[in-house]
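# Working through the structure, step by step
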Amino acid sequence: MRLVLAVALLCLMLTGARAQSASPSPASSPAPSASETLATGPTTTYTLPPDKLEKAKALYHLHGWLAVIGTVWSLVVLLGILYLGVMARYRDWGERFSRYSFLQAWLVVPLLLLTLTVLDLPLNAFEHHISLKYGLSVQGWGSWFGDAGKGFLVAAVFGALLLWLMIFIIRKSPRRWWFYFWLIAQPILVLAFIAEPLIIDPLFFRFEPLDRNHPQLVDAIERVTQRGGLTIPRDRMFLMKASEKTNELNAYVTGFGPSKRVVVWDTTIQKTSTPETLFVFGHEMGHYVLNHVIYGLVLTSAGMFIALYLIYLVSAWMLRRFGARWQIPGLGDWASLPMIFLILGIFSFFTSPIGNSISRTIEHDADIYGLEVTHGINPDPQEAAAHAFQVLGELSLDYPYPNKLVTFWYGSHPTIGDRVRFAHAYDPWSKGQQPKYVK
């Protein structure tokens, strides 16, 4: 929740499925031959050495407490803004600033987002301190504050435009606003999917064509795409300079239509072998081939529809019960924004298990696709996948024994242990069975 609540109202950004994955190897390695072997023996179980296990356990509990504290703090902040009349004061300033609601939005919305950002700053800074302490991040504080500032500016610009549109429609149609706003938001949602990798992502990381410095790796990747019967243009493959800010591994598919692309972090290439990198790419190619981005767009649209209707229903009760106390004369008033965020935050919390369950299913399907599409290319695709997950877990200090309820509620990916076990268990070819996706 926290600042994201400001823009989450429209669910405009679908974060690509980010996975994380260590021993340096040449980034431009050729396609693996049958004699190429992995650096370690069979990886049948995800384990950590005692020193890393102790750190992983401590980090796991820290993240758990931070998740709880962050959720409670977000609700407390929003309630505080409502009960102290902070937003009502911002509304009054906006109305004195201009009689036009569009111009009011450029004062009122940034003030609200700035308030949320400042109140969230200590907790966010502590989370970054923990990432630095445990070696997950290498990002200096100057760069971190710079990213926080850019994030605020992006949220302020998009938030002012979108929240003005919502307030405008509420005032024009108090009973059907939720449907009209949802309808109008659909093309905006698609444009946001297209624009995110082109406009937003480059604000925070440097990207370059993967082919520029790793042409041999791209050659190997093309063998994988041919195996899957898919053509992904070389200019749709990008390298992200993640090592400037993190030690963790990642790759993801993002964008929509003309901006759709596969992104591989440079840390993934640096710290995994060629077969492991190809599996990671195969996993991301699975998201591409199996239309997970489109599914995400559809699910986001459906979630937005439900959330807006819920806001319409619940806000009527809240205004009757607390409107006078919070100085909110109606839902079309600027002072109602924290109340809307509050409803959305509670909705988001209780629907997290549904979204994360869908996400885990999608990630599992992409794992299957990655194993299948690298079969016959990687000399031992099961071990390549399993060891990639092992490296991922070690670098991320992923705790091997997570609580099942926590995984159910917060886990967007299957656990590392489950992924390692599945990688070795999935072998339809030796059993005379048909692969699920890549025949």
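First, a word on scope: everything that follows refers to the structure included in this document. The model shown is predicted, which means the values in this text are computed figures rather than measured ones. (Residues numbered from 1 in each chain as written. Predicted model: local features only at pLDDT ≥ 70, side-chain atom pairs only at ≥ 80, totals over all residues. Heavy atoms only, no water.)

## Observations regarding the pattern of salt bridges
What counts, and what does not: The rule for a salt bridge is simple: a side-chain nitrogen of Lys or Arg has to be within 4 Å of a carboxyl oxygen of Asp or Glu. Numbering of helices and strands starts at the N terminus; helices are DSSP runs of H or I of at least 4 residues and strands are runs of E of at least 2. Using a 1.4 Å probe on the protein chains alone, a residue whose accessible area is under 20% of its type maximum counts as buried, one over 50% counts as exposed, and one in between counts as partly exposed.
Per the stated rule, a full pass over the model turns up 14 salt bridges. As a salt-bridge pair, Glu-394 and Lys-52 come within 3.3 Å of each other at their nearest N and O atoms. Residue Glu-394 is found in helix α13 (residues 381-396), and its partner Lys-52 is found in helix α2 (residues 50-83); the two are separated by 342 residues along the sequence. Residue Lys-241 pairs with Glu-208 through a salt bridge whose shortest N-O separation is 3.7 Å. Here Glu-208 lies in strand β1 (residues 207-209) and Lys-241 lies in the loop between β2 (237-240) and β3 (251-254), a separation of 33 residues in the sequence. For the pair formed by Lys-241 and Glu-208, the shared burial category is buried. Taken together, the salt bridges that share partners define one network made up of Asp-211, Asp-219, Glu-222 and Arg-234.

## Concerning the nonpolar core
Rule in force here: We define the nonpolar core as a collection of buried residues of types Ala, Val, Leu, Ile, Met, Phe, Trp, Tyr and Cys that are connected through side-chain atoms lying within 4.5 Å of one another.
Of all hydrophobic cores here, the largest spans 75 residues; its most connected members are Met-87, Leu-116, Met-166, Trp-177, Phe-281, Leu-337 and Met-339. In terms of nonpolar packing, the next biggest core, distinct from the first, is built from 21 residues, Leu-136, Phe-279, Leu-392 and Leu-397 among them.

## Thoughts on the packing of aromatic side chains
For the record, the criterion: For this analysis, a ring pair means two rings from Phe, Tyr or Trp (six-membered ring only for Trp) whose centres lie within 6.5 Å, classed as stacked if their planes differ by under 30 degrees, edge-to-face if by over 60, and tilted for the remaining angles. Lysine and arginine charges are scored as sitting over a ring when NZ or CZ, respectively, is within 6 Å of the ring centre and within 35 degrees of the ring normal.
Within this structure, the stated rule accounts for 27 aromatic pairs. Ring centres of Trp-141 and Trp-144 lie 5.4 Å apart, and the angle between their planes is 75 degrees; this geometry places the pair in the edge-to-face category. Here Trp-141 and its partner Trp-144 are both found in helix α5 (residues 141-172), 3 residues apart, which amounts to about one turn of the helix. The exposure class assigned to Trp-144 is buried, which follows from its relative accessible area of 13%. Cation over ring: Lys-245 sits above Phe-205, and NZ or CZ is 4.7 Å from the ring centre. For Lys-260, the ring lying beneath its charged end belongs to Tyr-288, and the centroid distance is 4.6 Å.

## A closer look at the side chain of Glu-276
What counts, and what does not: His is not counted, nor are the chain ends, whereas Lys and Arg count as positive and Asp and Glu as negative. Polar contact is the term for a pair of N or O atoms within 3.5 Å; when the atoms are in protein, one must be able to donate a hydrogen and the other to accept it, and sequence-neighboring residues count only if both atoms are side-chain atoms.
As for its position among the elements, Glu-276 is in helix α10 (residues 274-289). Buried within the structure, Glu-276 lacks any salt-bridge partner; Lys-271 is the closest side chain of opposite charge, at an N-O distance of 12 Å. One polar contact links the side chain of Glu-276 to the main-chain amide nitrogen of Ser-273, over a distance of 3.0 Å.

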